[in-house]
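# Structure at a glance
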Amino acid sequence: MQLFKQLDELRSTVADWRRQGMRIGFVPTMGNLHNGHLELVHQARQHCDKVVVSIFVNPLQFDNPTDLSAYPRTLAQDCDRLGDLADGLFTPSAELMYPSGQQQQTRVQVPGIAEVLEGALRPGHFDGVSTVVCKLFNLVQPDLACFGEKDYQQLALIRKMVTDLNMPIEIIGVPTVRAEDGLALSSRNSYLSEAERAIAPILAATMKELAERMQSGERDFAQLIEDGRQRLDHSGFKTDGIDIVDAHNLLPITEHSQAAVILMAAYLGNARLIDNQVVPL
Ligand code: PAF
């Protein structure tokens, strides 16, 4: 795996691969890689001849400076984990990404999706995500990019940005990788104490229970959400949001909706855990 810190080396290598007729896959990450990330790389490898991974802890998408400084930075361990699974690892600096500073950075804003649900709870977060992903796409110039379905709204945001801006990039959504007890893998799981880690699978279990009730015909979404919130809050979580919306556009469910998505977000100690499940209607 080649390590790229500078843009010119990355660009010339990718251009060289492309001259040889190769298809380039890309997996953007913020590092602290776990098996969920490795699955994204694996999927990119299935579709492409060469795969580039990026690691950049993007300050533009953090609404809280403490969260940004606490975010785990584990480059040496990440390189070991990637091994030869990827062909290139791009680790740009903040100066390379935002040479005029964050305030002066041109932003990419995806209307609608960026402002609802998680976007309403964390104003500016999704503008930071769409801006950095757009820049990374321009820097790496991939044919295809993989994103985890765990970040359901983020995936919808990226798909809309790529469509709206006519980016010639295929977006692949990769199913969430879970621990044996059902907890969705996330870099933020490393914030959990041993006691919190034992409680954490209740998030996925609660979501599954709501999904099963919907599958058996329950349609009182307000009641389902309230029951979910109570179960989480009584188990030691602090629920940040449970939403049941149209899986296609993240808007309220109508009689035309074909599938719903349950979106869960809850704090457990310092960790904000998220999860989601699509339920056919
Ligand atoms: O999902 C993430 O890790 C980040 O939001 C992403 C897509 C790498 C952008 O910084």
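Shown above is the structure to which this text applies.
Residues numbered from 1 in each chain as written. Predicted model: local features only at pLDDT ≥ 70, side-chain atom pairs only at ≥ 80, totals over all residues. Heavy atoms only, no water.

## Side note on the sheet that holds strand E6 (residues 170–174)
Taken in spatial order, the 6 strands of this open sheet run E1-E4-E3-E2-E5-E6, and their pairing is parallel. Strands with a single pairing partner mark the edges of an open sheet, and in this sheet they are strand E1 (2–4) and E6. Recorded for the sheet is a direction-independent mean angle of 25 degrees between the axes of neighbouring strands. With 5 bridges joining them, strand E5 (residues 144–148) and E6 adopt parallel strand pairing. (Pairing = 2+ DSSP bridges. Helix = DSSP H or I, 4+ residues; strand = E, 2+ residues; numbered from the N terminus. Axes fitted to C-alpha atoms, helices over the stretch in contact; angles between N-to-C directions.)

## Focus on the sheet that holds strand E9 (residues 271–280)
Pairing is antiparallel in the open sheet, where 3 strands are placed in the order E7-E8-E9. Of all strands in the sheet, those with a lone pairing partner are strand E7 (238–246) and E9, marking the two edges. On average, adjacent strands in this sheet sit at an angle of 10 degrees to one another, irrespective of strand direction. For strand E8 (residues 259–268) and E9, the ladder comprises 10 bridges, and the chain directions are antiparallel. Within E9, the position partnered with Val-261 by the bridge is Val-278. Strands E7, E8 and E9 of the sheet are contacted by helix H10 (residues 202–215), whose axis makes an angle of about 20 degrees with E9. Contacts between helix H11 (residues 221–234) and the sheet are confined to E7 and E8, with E7 contributing the most and set at about 155 degrees to the helix. (Contact = heavy atoms within 4.5 Å.)

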